[in-house]
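What the coordinates show
Read off the chains here:
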Amino acid sequence: MLEKLLRSKIFIWTLLVLPGLWLAWPLFVTHRPALGADPLKFIYLHFGFVACVLLAIVLTFTPLRVLFPKSKLALALNRHRRLVGVASFAYALLHLTAYLLHEGGFRTLLHDAFEKPKLFILAGLATFTILLVLAVTSLHALVRWMGGKRWKNLHRLVYLAAALAAYHQIYARKLFPVQVLWIFGPLALLEVARILRQRSKARPA
Amino acid sequence: MLIRTPKDWETSAAVTTESHYHARPRREFLRTLGVGLAGAALLRPGSLFAATAGFPPKPNPLYPASALKPTAEEYVTGYNNFYEFGTDKEDPKVQANKGWKTDPWTIELKGLVNHPAKFDVNELIKKIGGIEERIYRFRCVEAWSMVIPWDGFALAKLVALADPKPEAKYLKFTSFQDPKSAIGQREGNLDYPYVEGLRIDEAMNELAFLATGIFGKPLPNQNGSPIRLVTPWKYGFKNIKSIVTVEFTATQPKNTWNIMAANEYGFYANVNPKVDHPRWSQASERIIGGGFLSGRQDTLMFNGYEKQVAALYQGLDLKKNY
Ligand code: HEM
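As the structure is a computational prediction, the values presented were derived from the model and not from experiment.

Residues and elements named next belong to chain B. Most of strand β4 (residues 144-154) sits out of view: 11 of its 11 residues are buried. Bridge count between strand β3 (residues 132-139) and β4: eight bridges; the pairing is antiparallel. Looking at the pairing, isoleucine 135 lines up with proline 149 of β4. Taking the residues that link successive antiparallel strands as the turn, the β3-β4 hairpin has four residues, and the phi of alanine 143 there is positive, at about 70 degrees. Pairing of β4 with strand β11 (residues 284-287), which is carried by two bridges, proceeds in the parallel orientation. Across the sheet, serine 145 pairs through a bridge with isoleucine 287, a residue of β11. Examined bridge by bridge, β4 and strand β7 (residues 209-214) share five bridges and lie antiparallel to one another. Along β7, the bridge assignment pairs tryptophan 150 with isoleucine 214.

Let us look at the site of the ligand. All names here are of chain A. Around the ligand, a shell composed of 22 residues is seen, among which Lys41, His95, Leu125, His168 and Arg173 lie nearest. Interatomic distance of 2.9 Å between a side-chain N/O atom of lysine 41 and an oxygen atom of the ligand. Arginine 173 places a side-chain nitrogen or oxygen 2.7 Å from an oxygen atom of the ligand. Elements supplying a minimum of two residues to the shell around the ligand: α5 (39-67), α7 (81-103), α9 (119-136) and α12 (157-171). With seven residues, the single largest contributor to the shell around the ligand is α5. Residue classes in the shell around the ligand are distributed as 14 nonpolar, six polar and two charged.

Scanning the model with the defined rule gives 15 salt bridges over all chains in all. Measuring nitrogen to oxygen at the nearest pair gives 3.0 Å for the salt bridge that ties B:Arg134 to B:Glu132. The same class applies to B:Arg134 as to B:Glu132, namely buried. Each member of the salt-bridge network shares a partner with another, and the members are A:Asp112, A:Lys118 and B:Asp276.

So, about the sheet that holds strand β10 (residues 243-249) of chain B. Residue and element names in this part refer to chain B. Taken together, five strands build an open sheet; the order of strands is β2-β1-β10-β5-β6 and the sheet is mixed. The sheet terminates laterally at β2 (117-120) and β6 (195-199), the two strands that pair on one side only. Strand-to-strand twist in this sheet, taken as the mean axis angle between neighbours without regard to direction, amounts to 15 degrees. Taken together, the four bridges between strand β1 (residues 106-111) and β2 define a ladder with antiparallel strand orientation. In the sheet register, leucine 109 faces β2, and the bridge partner there is alanine 117. Here helix α6 (residues 121-128) sits on the sheet and contacts β1 and β2; the angle it forms with β2, its principal contact strand, is near 100 degrees.

Scoring rules and cut-offs
Once a new chain begins, its residue numbering starts again from 1 and follows that chain's sequence as written. Here every chain gets a letter starting at A, and every ligand a number starting at 1, in the order they are written. Thresholds applied to this predicted model are a pLDDT of at least 70 for local features of residues and 80 or more for the giving and counting of side-chain atom pairs; totals over whole chains, interfaces and linings are not thresholded and use all residues. Working from all heavy atoms in the structure, the side-chain values ignore hydrogens and water. Relative accessibility under 20% of the residue-type maximum defines a buried residue, over 50% an exposed one, and the middle range a partly exposed one, all with a 1.4 Å probe and only protein chains included. Here a helix means four or more residues in a row that DSSP labels H or I, a strand means two or more in a row labelled E, and each is numbered from the N terminus. Paired strands, in this sense, are two strands between which DSSP finds at least two bridges. Here a residue counts as near a molecule or strand whenever at least one of its heavy atoms sits within 4 Å of it. A 3.5 Å cut-off defines polar contacts: any pair of N or O atoms within that distance qualifies, except that in protein one atom must be a possible hydrogen donor and the other a possible acceptor, and neighbouring residues in sequence count only when both atoms are side-chain atoms. Each residue is assigned to one class: nonpolar for Ala, Val, Leu, Ile, Met, Phe, Trp, Tyr, Cys and Pro, charged for Asp, Glu, Lys and Arg, and polar for all the others, Gly among them. Take a side-chain nitrogen of Lys or Arg and a carboxyl oxygen of Asp or Glu: if they are within 4 Å of each other, that pair is a salt bridge. To define axes, lines are fitted to C-alpha atoms, for helices over the stretch in contact only, and angles between the resulting N-to-C directions are given on a 0 to 180 degree scale. In this analysis, two residues are considered to be in contact whenever any of their non-hydrogen atoms come within 4.5 Å of each other.

Structure below.
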């Protein structure tokens, strides 16, 4: 049952769209001062958050498959790597768009990225650029044109993107935001486990 | 006062005798005026006099209602920083009203003064001679702003009461310490108690204010009940809330955010659009409650109070002393 659901593209699509719709939910249902006080800020932080969560989630798929090669769930999830990855980019794009509307447009972006560079903005910009390149090169035609090996090498950049996104998220706040551990912690653990597993396999028994 | 240059906040012709809280509902008016006597007793048992001390505020002709349009009360009291009660801006309203007691409250004047003393806050207000209202701009270091109608009294009056000795050069403010009531103090998100400081000439400036109310009512817990600092030309974090002691010192006191991150938050914290925060520009600000797209404006030097305070900082390198 769960496997069937997880294999379904429509189900995954729905899951990916929900965080976007959730934004509208409190507008109608409950009253939250933060939404009225500074609606665009609320929205752009939310989009950034979702982008980070999806990025961290999609990266767990491969290690899950390596660690649990027999699990049908892990296999089902791996069908959706492209979709979830592109969704992360889409939310990052929404984050950036809302940021530009909120913070004074490209003038502010150029100021904070180049005139008086701020590392956490540069990290966001670099993350965004990587996600953009990966999303574009995920078009079927481009994948074929590039060839598997080159494509794979290029898409290793996603790990850099995740590290930069975590940095960006941490330094967006005045104090260390604990949720970063929840978002990126499981991924880090899975990666460590995968590396250990692959090492022990590589060594002759 | 002989010749008075017009204040920035009284430039418009919009000085009216009407309430300036834009269509403040009648209901609120009634609450302000009588606090419904019996009702107040019900709401805050045993604090009838405490809760209403000094209200309604006396108008001060030097600070008439101005062109500034106050931010909606709902945002002033429901969207702010008070890390003692959580780091999200929606936290304080919830967390500061779960049994934290701000009444009775004692405030102590000590250090290099001729009249060290401890006062119950309401007695202090009486001794000072009541409270007045001032509408000030408020600029947070996070680049958002509000307009807030404060009730309270000039800090200079408190300084006069304490009668500082000549060696006293600074004021050190300390907030409360009560981890049982304050979730942020239990979590230890900052060094507590929260401390702040001013140079004594800054404290004597006509703008420096101790607030005991907003919107014609006593300060809600989440806004720093029962008494807090308001220095409208400085970033919000200077405005220490729920003050317990004011100590007069010879050396510059430490302040909490400077202890946390000295490269990001200085002692002076003067609003300055030309000096960026290391992680964002301070050139403009988001207007809280300004709507979806229309809520941004350029930040003014000293938050628009240059005339009143610029003289304090002559010869000081504001880039270094941020
Ligand atoms: C050009 C690209 C980007 C810019 C200019 C940008 C800008 C910002 C800014 C200014 C903040 C801080 C807001 C504040 O609290 O004051 C922020 C927060 C954040 N951004 Fe970005 N960002 C970019 C790209 C990204 C990307 C690609 C991701 C994720 C993959 C991302 C995820 C986040 C997250 C999670 C936060 C923190 C939200 C929170 O603290 O609640 N950003 N971004």
